[in-house]
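One letter stands for each residue in the lines below.
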Amino acid sequence: GENVEQHPSTLSVQEGDSAVIKCTYSDSASNYFPWYKQELGKGPQLIIDIRSNVGEKKDQRIAVTLNKTAKHFSLHITETQPEDSAVYFCAAREGQGFSFIFGKGTRLLVKP
Amino acid sequence: DSGVTQTPKHLITATGQRVTLRCSPRSGDLSVYWYQQSLDQGLQFLIQYYNGEERAKGNILERFSAQQFPDLHSELNLSSLELGDSALYFCASSVAGTVTDTQYFGPGTRLTVL
């Protein structure tokens, strides 16, 4: 079955710096990859997603890149702000089904 | 606020007991999902319903069951509880239940099994 590895598990950056979180997946049939942000005491919130027919997608300070050949995808946050501090999860669609496999999460701390 | 409500917020119970978690989806959403989040297993998909029918099943134990009612609210039933069932349980909802639909997560129910 699908397996998703996420790195790093924790990431500390200075405000204004960039942050990059990387995920790899195992099922070459996966074709949809969402990213979630989870703030303390709240449920995950979708922040960006990418489909396998696209190599990159941007939304303001957030971008996601996908390398289908290498089976990895990354989240890029530029000009980080303290409110970006949260746990970020990547996910990959499980084959052609309706479910997802999630990475273990990255705790991002943006220091002012 | 995502518009998804979950009750109760916290639940403390003993091993062997049975509990019911409740979820009300966002207005207009037809699909609900249940997830379990624990420190060792991370976030795991349990089950999805669309308009009252089961659509997808993930790593849901046989001791767990769920249903979606005609008014679209959903309940997750956990029975014969074990210490390892202690976790955060999230409900999410989406409009049509397709894979690329945005899922909106509720605030979760924290279950503690003593």
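Rules and cut-offs
Residues numbered from 1 in each chain as written. Chains lettered and ligands numbered in written order. Predicted model: local features only at pLDDT ≥ 70, side-chain atom pairs only at ≥ 80, totals over all residues. Heavy atoms only, no water. Salt bridge = Lys/Arg side-chain N within 4 Å of Asp/Glu carboxyl O. Helix = DSSP H or I, 4+ residues; strand = E, 2+ residues; numbered from the N terminus. Buried < 20%, exposed > 50% of the residue type's maximum accessible area, 1.4 Å probe, protein only. Pairing = 2+ DSSP bridges. Polar contact = N/O pair within 3.5 Å; in protein donor to acceptor, adjacent residues only side chain to side chain. Contact = heavy atoms within 4.5 Å. Axes fitted to C-alpha atoms, helices over the stretch in contact; angles between N-to-C directions. Disulfide = S-S within 2.5 Å.

Caption draft 1: Region of the structure containing the pattern of salt bridges. Summed over the entire model, instances satisfying the criterion amount to eight salt bridges over all chains. Salt-bridge contacts for Asp85 of chain B lead to Arg63 of chain B; the nearest nitrogen and oxygen are separated by 2.8 Å. A residue pair is termed long-range when its members are at least 10 positions apart, and Asp85 of chain B in the loop between strand S8 (74-78) and strand S9 (87-94) and Arg63 of chain B in the loop between strand S6 (53-57) and strand S7 (64-68) qualify at 22 residues. It is possible to trace a salt-bridge network through shared partners that takes in Lys37, Glu39 and Lys42 of chain A.

Caption draft 2: Quick look at the pairing of strand S11 (residues 106-111) of chain A. All names here are of chain A. The side-chain alternation of S11 yields one buried face, formed by Thr106, Leu108 and Val110, and one unburied face, formed by Arg107, Leu109 and Lys111. Note: strand S2 (residues 10-14) against S11, five bridges, orientation parallel. Looking across to S11, one finds that Val13 is bridged to Val110. In this structure, strand S9 (residues 86-93) lies alongside S11, joined through three bridges in antiparallel fashion.

Caption draft 3: Local environment of the side chain of Lys37 of chain A. All names here are of chain A. Relative to the helices and strands, Lys37 resides in strand S4 (residues 32-38). A residue is classified by how much of its surface remains accessible, and Lys37, at 13% relative accessible area, is buried. Of note is the side chain of Lys37, whose polar atom sits 3.4 Å from the side chain of Glu39. Polar contacts involving the side chain of Lys37 include one to the main-chain carbonyl oxygen of Glu83, which spans 3.0 Å. When near neighbours in sequence (up to four residues on either side) are disregarded, Lys37 contacts Gly43, Pro44, Gln45, Ile47, Glu83, Asp84, Ala86, Val87 and Tyr88.

Caption draft 4: Main features of the sheet that holds S7 of chain B. Residues and elements named next belong to chain B. Taken in spatial order, the four strands of this open sheet run S1-S3-S8-S7, and their pairing is antiparallel. Each edge of the open sheet carries a strand with a single partner, namely strand S1 (5-7) and S7. Pairwise comparison of adjacent strand axes, ignoring direction, gives a mean angle of 15 degrees for this sheet.

Caption draft 5: Looking closely at the state of the cysteines. Counted by the stated rule, this structure contains two disulfides over all chains. Note on cysteine connectivity: Cys23 of chain A is disulfide-linked to Cys90 of chain A, with sulfurs 1.9 Å apart. In this structure, the disulfide formed by Cys23 of chain A and Cys90 of chain A twists by about -100 degrees around the S-S bond and is classed as left-handed. Here Cys90 of chain A lies in strand S9 and Cys23 of chain A lies in strand S3 (residues 19-25), a separation of 67 residues in the sequence. The disulfide partner of Cys23 of chain B is Cys91 of chain B, and the S-S distance across this bridge is 1.8 Å. Of note, the bridge from Cys23 of chain B to Cys91 of chain B carries an S-S torsion of about -50 degrees and is left-handed in sense. Taken together, the residues span a long stretch of sequence, with Cys23 of chain B in strand S3 (residues 19-24) and Cys91 of chain B in strand S9 at a distance of 68 residues. Take Cys23 of chain B and Cys91 of chain B: they sit in the same class, and that class is buried.

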